[in-house]
Amino acid sequence: MAAGASRRMGRPKQLLPLGTGTILTTVVDTLLAAGCTPVVCVLGASGTQVAAALTGLLVETVYNPDWDTGEMLSSVQCGLRHLSRTDIHPGCLVALGDQPGLTPATVRALIGTVANNPDRTVFCSHGMRRQHPIYLPVSLWPRICELPVSSTLRVVTGDPQLPVAYVNVDSFNDFRDLDTPEQYDSYRAQTMSDTG
């Protein structure tokens, strides 16, 4: 998911420099390194610039014309409809484009749990709280796509009757959103000290 307007950041956070790339390319590299394919980036605000930043990566892009409507649901719906038009998929991971701390190990652990629970919605969990990325089995896609864009994904994923599984992750760093300049500066300084 990379369609947001980054209002709290004040500039497109997908394009902010991080390491040898950007916040978004860092997430994409993690997904690719973990064996995710295809990786589909749902674009919205600053879509042309974000798509250009992804040039050369093994990524499909799709533009969500309703990116500014409601919360993230319209982008999830856009991505699911795109996947439904191509190959047959058993499900998909929904990852956020502003969580560069996500590690390949966490994504692989999620994929491993999916392999043992292919019909369940699988959540990453830290401190007993659900986090992204999450796995949505294809059986849920029609139900999600039928929701009004003013709704939220939690209407489906929060259903107490929904069969679920969890991947417990010790480090919260995997799930840190970078929403503000302060969060970005802090995270960037941390990563520079970790690699320095």
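Just so you know, these numbers come straight off a predicted model, no measurement behind them. (Residues numbered from 1 in each chain as written. Predicted model: local features only at pLDDT ≥ 70, side-chain atom pairs only at ≥ 80, totals over all residues. Heavy atoms only, no water.)

Caption draft 1: Main features of the overall build of the chain. Along the backbone of the chain there are seven helices and eight strands. A globule of 196 residues ought to have a C-alpha radius of gyration of about 16 Å, and the chain, at 16 Å, matches this closely. Principal-axis analysis of the C-alpha atoms places the extent of the chain at approximately 45 × 35 × 30 Å. Counting all 196 residues of the chain, 46% fall into the buried class. (Helix = DSSP H or I, 4+ residues; strand = E, 2+ residues; numbered from the N terminus. Rg over C-alpha atoms; globule rule 2.2 N^0.38 Å. Buried < 20%, exposed > 50% of the residue type's maximum accessible area, 1.4 Å probe, protein only.)

Caption draft 2: Local environment of the nonpolar core. Core analysis: the largest hydrophobic core is formed by 21 residues, its most contacted members being V76, L80, L136 and I144. Those residues in contact with I144, other than ones at most four positions away along the chain, are L73, V76, Q77, L80, L136, L153 and V156. (Core = buried A, V, L, I, M, F, W, Y, C linked by side-chain atoms within 4.5 Å. Contact = heavy atoms within 4.5 Å.)

Caption draft 3: Focus on the layout of surface pockets. Space inside the largest pocket adds up to approximately 1100 Å³. If you go around the largest pocket, you meet 37 residues; those closest to its centre are E71, M72, L96, D98 and D177. Mapped onto the lining of the largest pocket, the elements with two or more residues apiece are α3 (73-85), β7 (129-137) and α6 (154-157). Per-element tally for the lining of the largest pocket: the top contributor is β7, with five residues. Size it by volume and the second largest pocket reaches roughly 620 Å³. Among the elements of the structure, α1 (23-33), β3 (39-43), α3, β5 (91-94) and α4 (104-116) are those that each provide at least two residues to the lining of the second largest pocket. Grouping the amino acids of the lining of the second largest pocket by side-chain chemistry returns 24 nonpolar, six polar and no charged. (1 Å grid on protein atoms, 1.4 Å probe; cavity = no way out; pocket = protein on both sides within 12 Å on 5 of 7 lines; lining within 4 Å. Points joined across faces, edges and corners; volume = space filled by probe spheres on them. Nonpolar A, V, L, I, M, F, W, Y, C, P; charged D, E, K, R; others polar.)

Caption draft 4: View of the packing of aromatic side chains. Tallying each qualifying case throughout the model produces one aromatic pair. Aromatic side chains F123 and Y166 sit 5.8 Å apart centroid to centroid with 25° between the ring planes, which places their arrangement in the stacked category. Placement of F123 in strand β6 (residues 121-126) and of Y166 in strand β8 (residues 164-168) is noted, with a sequence separation of 43 residues between them. Look at F123 and you get buried, because its relative accessible area is 3%. A cation over a ring is seen here: R130 above F123, with NZ or CZ 3.9 Å from the ring centre. (Phe/Tyr/Trp six-rings, centres within 6.5 Å; stacked < 30°, edge-to-face > 60°. Lys NZ or Arg CZ within 6 Å of the ring centre and 35° of its normal.)

Caption draft 5: Structural view of the sheet that holds β8. Across the sheet, which stays open at both edges, the four strands sit in the order β5-β7-β6-β8 with mixed pairing between neighbours. With partners counted over all chains shown, the strands left at the sheet margins are β5 and β8, one partner each. Adjacent strand axes in the sheet meet at a mean angle of 25° when their direction is disregarded. Taken together, the four bridges between β5 and β7 define a ladder with antiparallel strand orientation. (Pairing = 2+ DSSP bridges. Axes fitted to C-alpha atoms, helices over the stretch in contact; angles between N-to-C directions.)

Caption draft 6: Local environment of the pairing of β3. With five of its five residues buried, β3 lies for the most part within the structure. Of the two faces of β3, both are covered, the one formed by V39, C41 and L43 as well as the one formed by V40 and V42. In this region the chain leaves β3, passes through helix α2 (residues 47-53) and returns to the parallel neighbour strand β4 (residues 59-63); the handedness of that crossover is right-handed. (Right-handed = clockwise from strand over helix to strand, strands pointing away.)

Caption draft 7: Summary view of unusual backbone geometry. Residue T37 is joined to P38 through a cis peptide bond whose omega torsion reads -5°. Counting through the fold element by element, P38 comes out in the loop between α1 and β3. Residue P133 is reached from H132 by a cis peptide bond, and omega for that bond is 5°. Not every positive phi belongs to a glycine, and M128 is a case in point at roughly 65°. Checked against the element boundaries, M128 lands in the loop between β6 and β7. Judged by relative accessible area, which is 77%, M128 ranks as exposed.

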